[in-house]
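Summary of the model geometry
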Amino acid sequence: MIRWLRKLVWSSLIHLAKDQKTLFGVSFLFGMLLAVLFHNKQESGDTVETVKYSYDFAYEKWLYSKNLYSKNVNPDLTRYKHKNGTDQNIEAPVKLESEAGFLFQTISVVCIVFPSGPDWAATVRDTWGKHCNHLRFYHPKTENNSLDIRKLQSKSDFGLLCSSFHEVKAEVADYDWILVSTDDTFVIPENFRYYTAHMNSSETHYLGHAMRFWNTVYNWKDAGFAVSKGTVEKLLTKFGTKDQCESGGKYWKNGDWYLGKHLHDLGIDPVDTRDEQGKGRFNGYSFRKLLFPGAVSIFERYWKDSLYLSKDGPQCCSNFAVTFHGILSTSKIYQLEYLFYHLRPFYSGGKYGNVPAPPPLKTPHLTWEEKLKEEELENMFNSLLTTPPNMMEKHVHDLDEIFGKRFHQKV
């Protein structure tokens, strides 16, 4: 019986070797099976670790130490009351009367981007870059005065990064943090300030998504990383000039690794930046990849080299995430900027926000024939409406009573 089974196995293997299509199909299925088993094993290993997390109320304690506290406000009142369609403050990048505005004035963040081209630089400047206290573009070969892209000649990625720190130190005296990202990364500076508010920026902090390569732990550039003012000053004691910066690294696309190496020599190492549920704040992939389980291939070094992993799928990312990398086009950056900073889903009614836009002004200096024609056109369009054009004015008193009662009941 055993001899017969052995003969059957050998004959099957010989048949597979001759039929390349069948061999490919079997090998593919076997590889998929191994991938699923590896992924499930990884998920089961991560489940236990995230249970250790608990919320530390660090931000609330920091506010309390300043005799402040945070509370929800009615967005209909704060966004629309006493305003009209011409008030530019409605879409202001930073509303100083808000909690985000308070953090903007309290925690100064310098955002450094090394743009790949002018289109990407303009996109960053016009979107999330407005939410940084200071935005700096540096390039080793080209400059652009209209976009304020500055030329910093360098022979390596680390040399460019280190020299940019020298530039910031010379130009910006009152900064607290430097946040470095690529131009295809979407950054939410408000969430970064919320995360770091309780930290003393004069001390050494090195934040991001920690990875290991060649026995060096560093923060991955794709996910963005941040260094405190204390860390920058300590690094620049080792690299006191831009010429000395050039001696700190070789080649391109590995400046993040060299930075981690040099900071480790100074006693500064990456830390776990995940939130209390083990979800990532600094994300080296886009929403499209992270939110769908299996979209990040298990063969990518992310799973093997990351020190502090988060699950993929809906549990991937913190509700207060700071970065998302891999945005494929500038139009996607503008879409995200609209979704994060302009779209407002109200949790209850809304009187001021639902008031229709004021009608266009009557065209002056019309002849009596033009006036009659305009009135006829207006009457024709009004007859096509399913609701009266002045319905909001007729029921404004009723809306006042309804939404007023609801709001006072919630308060």
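Before going into details, it helps to say that this report is about the structure given with it. (Residues numbered from 1 in each chain as written. Predicted model: local features only at pLDDT ≥ 70, side-chain atom pairs only at ≥ 80, totals over all residues. Heavy atoms only, no water.)

**What to know about the side chain of Thr182**
Heads up, the rule is: Counting from the N terminus, the helices are the DSSP runs of H or I reaching at least four residues and the strands are the DSSP runs of E reaching at least two. Under this definition, polar contacts are N or O atom pairs within 3.5 Å; protein pairs additionally need one hydrogen-donor-capable and one acceptor-capable atom, and for neighbouring residues in sequence, both atoms have to be side-chain atoms.
Here Thr182 lies in the loop between strand S4 (177–181) and strand S5 (185–187). Polar contacts involving the side chain of Thr182 include one to the side chain of Asp184, which spans 2.7 Å. Reaching out from Thr182, the side chain makes a polar contact with the side chain of His325 at a distance of 3.2 Å.

**Focus: the sheet that holds strand S11 (residues 323–325)**
Worth spelling out the cut-off: Here, strands pair whenever DSSP counts at least two bridges between them.
Taking strand neighbours across the sheet as the criterion, the three strands line up as S5-S11-S10 in an open arrangement whose pairing is mixed. Of all strands in the sheet, those bounded by a partner on one side alone are S5 and strand S10 (282–283). Taken together, the two bridges between S10 and S11 define a ladder with parallel strand orientation. If you follow Phe282 over to S11, its bridge partner there is Thr323.

**Considering the state of the cysteines**
Note the cut-off: Note that a disulfide, as used here, is simply two cysteine sulfur atoms within 2.5 Å.
Applying the stated criterion across every chain, the model contains three disulfides. Covalent S-S linkage joins Cys162 and Cys245, the inter-sulfur distance amounting to 2.0 Å. Here Cys162 and Cys245 share a disulfide; its torsion about the S-S bond, -50°, makes the bridge left-handed. With Cys162 in helix H7 (residues 157–171) and Cys245 in helix H10 (residues 242–246), this pair connects stretches of sequence that are 83 residues apart.

**Some remarks on the packing of H7 against helix H11 (residues 255–265)**
The condition that has to hold: Axis definition: a line fit to C-alpha positions, over the contact stretch in the case of helices; interaxial angles, taken between N-to-C directions, run 0 to 180 degrees. By convention, the crossing between two helices is left-handed when the near helix turns anticlockwise from the far helix through less than a right angle, and right-handed when the turn is clockwise. By definition in these notes, contact holds between two residues if any of their heavy atoms fall within 4.5 Å. Under the scheme applied, nonpolar residues are Ala, Val, Leu, Ile, Met, Phe, Trp, Tyr, Cys and Pro; charged residues are Asp, Glu, Lys and Arg; polar residues are all the others, including Gly.
Remark: H7 packs on H11, axes separated minimally by 7 Å, with the N-to-C direction vectors making an angle of 65°. Here H7 runs over H11; the crossing is right-handed. Between H7 and H11, the residues in contact are Asp157, Phe158, Leu161 and Phe165 and Gly255, Tyr258, Leu259 and His262, respectively. Split by residue class, the contact of H7 with H11 holds five nonpolar, two polar and one charged.

**A few points about the side chain of Ser306**
Quick reminder of the rule: Buried residues are those whose accessible area, probed at 1.4 Å on protein chains only, stays under 20% of the maximum for their type, while exposed residues exceed 50% and partly exposed ones sit between those limits.
Secondary-structure assignment places Ser306 in the loop between helix H13 (301–305) and S11. According to the relative accessible area criterion, Ser306 is buried, its value standing at 10%. There is a polar contact of 2.8 Å between the side chain of Ser306 and the side chain of His209. Only 2.6 Å separates the side chain of Ser306 from the backbone oxygen of Tyr302, close enough to count as a polar contact. Setting aside its immediate chain neighbours within four residues, Ser306 contacts His209, Ala210, Met211 and Arg301.

These results come straight from atomic positions and should not be treated as a statement about function.
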